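# A look at the structure
The lines below spell out each chain.
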Amino acid sequence: MNIHEFQAKEIMRQTGISLPEGRLAESVDQAVHHAEAMSRFPLVIKAQVHTGGRGKAGGVKLARSVDEVRAHAQAILGMSIKGITVKKVLIERGVDIDREIYLGLVIDRASKTPVFIVSSSGGVDIEEVAATDPDRILKIPIQPGLGLCDYQVRRAIYFLSIPKELQVSFGLTMRALEQILMEWDASLIEINPLVITEHNELVACDAKINFDDNALMLHPEIEQLRDENEEEPLEVEARHNEVNYVKLDGRIGCLVNGAGLAMATMDLVQAYGGEPANFLDVGGAARPDTIAAALRIVTSDPAVNTILFNIFGGIVRCDRVAEGILKAREMIGLKIPIVMRLVGTNEEKARELLTGTDLVMMPTMAEAARKAVELSQGVA
Ligand code: GDP
Ligand code: MN
C-alpha cells in the first residue's frame, strides 16, 4: 500500500528526521490561507499524488509571493499526473539546495534483507542513475539479526562525502528509516532528495513509504491512511469484496481460485498466444456472491471479450460455483463467451447444471486456456 508524501513526512517527523514545515490544502483558498499564515517566502507547492516524477510533470512549483501561491495552487489542483487527478497540495517552506542526496531502504527479495541504497545523484529517478551511472550507487544490506551497524553508517557517510557537522544527523536519519521499516512493516522508504542546504543543514525534501499489504492487519492506523482516489477503481471494489484482483492489459478475463493456480492460468493463456486481462483469485471460499462480484469486476473492464474460469474444487464445491456463475451472468446480463475448467468436489453435479447452457466446459486447464484464446481472437 502506498501513502502520500505528506503522510510519509508525518511518520518521519515522529522519528526526528528533519523536515521542512508544511501544511496541506485541498483548495486554492486554503493554500492561500496557509501561505499567509506561513508568511515568509519562498514556499513550495507540491501535488500530492501516488506517483513519482511530479517535479518533471509540473506538480512541484516554487512561489515567492501569495499571488504566486494562488497561481500555482490553481494550476496544480485538478491537474492530471500520470492519469491521477490532483486533489491536494502540500504548501511547504522552501529550502536552499546545495546538494541533493538519494537515501532509500527497501526489502530486497534477492538478498532476503532490507537494503539501504544511497547515491550522491539525488533529486532524479534512481532507476535512471542505476542504468546510466551504477558506480554512483552504494547498496548496504542489513542483516535482520544485527540491524544497521555503525560501520555501515560510516561507509555511507564516506561514499557520499557527508560533511563532518552533518554526519551525526545523517546517521540518525538512516537509523530512523530502519526503525520505520521494522516497526511499520514498510517495504520501501525513500527520501529523494535528502538535501544539504546552503546553510549546511540536512533536510528531507521528499518522502515516500510503501507498506507490505500482507502486514496491514497488524497496523490498522496505516490502513486509515489509504486514499482510494489514488487507486485503480476496480482494485478498490475487489478489495471490498475480499477478492484479489490486479488489472492487466489483455482481453481474457481470468477467474481462478488460489493465487498459484491463477498465476499458472495466466502463464497458460500467454503460452497459447493470448493476453490475460487480469489476475484474480476468488479465494478459498468462493461463495456464489463472491463469484458474482468477481465476474462483475472482471467484466467492468471494457477490453475483456472472453472469460476463463479455472476452478479446482476442494473446499469449494463445483456445483455451487456453477450455480454462482449462471446466476451472476444473468444478473449482470453478460453476453461474452465463458470457458471453464471445473474439476473436483461435485464436478458431476456441476456438469449436469451446465449442460444445455452455452458455457464451454473443457476437461483440462490447458485445453480451457487454448479455447479461451481461440474465442478471444475470433477463430473459434
Ligand atoms: P518528485 O519529482 O515527485 O520526486 O518531487 P520532489 O519533492 O522530489 O521535488 C522535485 C524537485 O523539486 C526536487 O528534486 C528539488 O530539486 C525541487 N524542490 C523540491 N522542494 C524544493 C525546495 O524547497 N526548494 C527548491 N529550491 N527546490 C525544491
Ligand atoms: Mn522526489
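The shown structure was predicted, so the numbers you read here are calculated from the model rather than taken from an experiment.

### What to know about the overall build of the protein
- Per the secondary structure count, the protein includes 13 helices and 18 strands.
- For the protein, the spread of C-alpha atoms along the principal axes amounts to about 80 × 50 × 40 Å.
- Classification of the 380 residues of the protein by burial places 49% in the buried group.
- A separation of at least 24 residues holds for 68% of the contacts in the protein among residues at least 6 apart in sequence.
- Surface accessibility of the protein: about 18,200 Å² in total, with carbon and sulfur atoms responsible for 51%.
- Side-chain charges of the protein comprise 40 positive and 54 negative groups, with the mean position of each set lying 1 Å from the other.

### Here's the deal with the sheet that holds strand β3 (residues 60-63)
- Overall, antiparallel pairing links the four strands, which are arranged β1-β6-β2-β3 in an open sheet. Among the strands making up the open sheet, the edge pair consists of β1 (22-25) and β3. Averaged over neighbouring strand pairs, the angle between their axes works out to 20 degrees when direction is ignored.
- When β1 meets strand β6 (residues 89-93), the two strands line up antiparallel, connected through four bridges. Looking at β6, one finds that arginine 23 is bridged to isoleucine 91.
- On top of the sheet, helix α1 (residues 5-14) reaches β1, β2 (43-47) and β6; it is set at about 45 degrees to β6, its chief contact.

### Looking at the nonpolar core
- Counting 41 residues, the largest nonpolar core has Met12, Phe116, Phe170, Met174, Leu177, Ile209 and Phe211 as the members making the most contacts within it.
- Considering every element that reaches this core, the biggest residue donor is helix α6 (residues 167-184), with seven residues.
- Excluding residues within four positions of it along the chain, phenylalanine 170 makes contact with Leu103, Ala156, Ile157, Leu160, Ile162, Leu194 and Leu202.
- One finds Ala277, Ile307, Ala322 and Ala350 within the second-largest nonpolar core, a separate group that totals 31 residues.

### A word on the coordination of the manganese ion (ligand 2)
- Coordination of the manganese ion (ligand 2) by the protein is provided by Asn192 (O) and Asp206 (OD), with metal-donor distances spanning 2.2 Å. Residue asparagine 192 is located in strand β10 (residues 186-197), and its partner aspartate 206 is located in the loop between β11 (202-204) and β12 (208-211); the two are separated by 14 residues in the primary sequence.
- Relative accessible area serves as the criterion here: at 18%, aspartate 206 is assigned to the buried category.

### Details of the site of ligand 1
- Taken together, 16 residues surround ligand 1, and among them Lys46, Arg54, Gly55, Val95 and Glu100 come closest.
- With respect to ligand 1, the backbone of glycine 55 contributes an N or O atom lying 2.8 Å from an oxygen atom.
- Alone, ligand 1 offers 560 Å² of accessible surface; in the complex the protein occludes 80% of this.
- Among the elements of the structure, β2, β3, β7 (97-108) and β10 are those that each provide at least two residues to the shell around ligand 1.

### A short note on a negative patch on the surface
- The grouping of Asp96, Asp98, Glu198 and Glu201 at the surface amounts to a negative patch.
- Within the fold, aspartate 96 resides in the loop between β6 and β7.
- The partly exposed category is assigned to aspartate 96, whose relative accessible area is 35%.

Definitions and limits used
Every chain is numbered on its own, with residues counted from 1 as its sequence reads. Each chain gets a letter, beginning with A, and each ligand a number, beginning with 1, in the order they are written. At least 70 in pLDDT is required for a residue's local features to be given in this predicted model, at least 80 for side-chain atom pairs to be given and counted, and no such filter applies to totals for whole chains, interfaces and linings, which use all residues. For side-chain calculations, the full set of non-hydrogen atoms in the structure is used, while hydrogens and water are omitted. Secondary structure elements follow DSSP: runs of H or I of four or more residues count as helices, runs of E of two or more count as strands, with numbering from the N terminus. When a residue's accessible area, from a 1.4 Å probe over protein chains only, is under 20% of the maximum for its type it is buried; when over 50% it is exposed; and in between it is partly exposed. Between two residues, a contact is recorded if the distance between any of their heavy atoms is within 4.5 Å. Only the protein chains shown count as cover for residues, and all accessible areas are computed by the Shrake-Rupley method using a 1.4 Å probe. Working convention for charge: Lys and Arg count positive, Asp and Glu count negative, and His plus the chain ends are omitted. Charged side chains are reduced to one point each, which is NZ for Lys, CZ for Arg, CG for Asp and CD for Glu. Being paired, for any two strands, means DSSP has found at least two bridges between them. Helix axes are fitted to C-alpha atoms over the stretch in contact, other axes to C-alpha atoms as well, and angles between N-to-C directions run from 0 to 180 degrees. For our purposes a nonpolar core is just a set of buried Ala, Val, Leu, Ile, Met, Phe, Trp, Tyr and Cys residues, chained together by side-chain atoms within 4.5 Å. Atoms of type N, O and S within 2.8 Å of a metal are treated as its donors, and for Na, K and Ca the window is 3.2 Å; water is not considered, so some sites may appear to be missing partners. Here, proximity means that at least one heavy atom of the residue falls within 4 Å of the molecule or strand. Here a polar contact means two N or O atoms within 3.5 Å. Within protein one must be a hydrogen donor candidate and the other an acceptor candidate, and residues neighboring in sequence count only if both atoms are side-chain atoms. The residues that make up patches have over 30% relative accessible area and no salt bridge, and they are joined within 9 Å when like-charged or within 5 Å when they are Val, Leu, Ile, Met, Phe, Trp or Tyr. By salt bridge we mean one thing: a side-chain nitrogen of Lys or Arg within 4 Å of a carboxyl oxygen of Asp or Glu.

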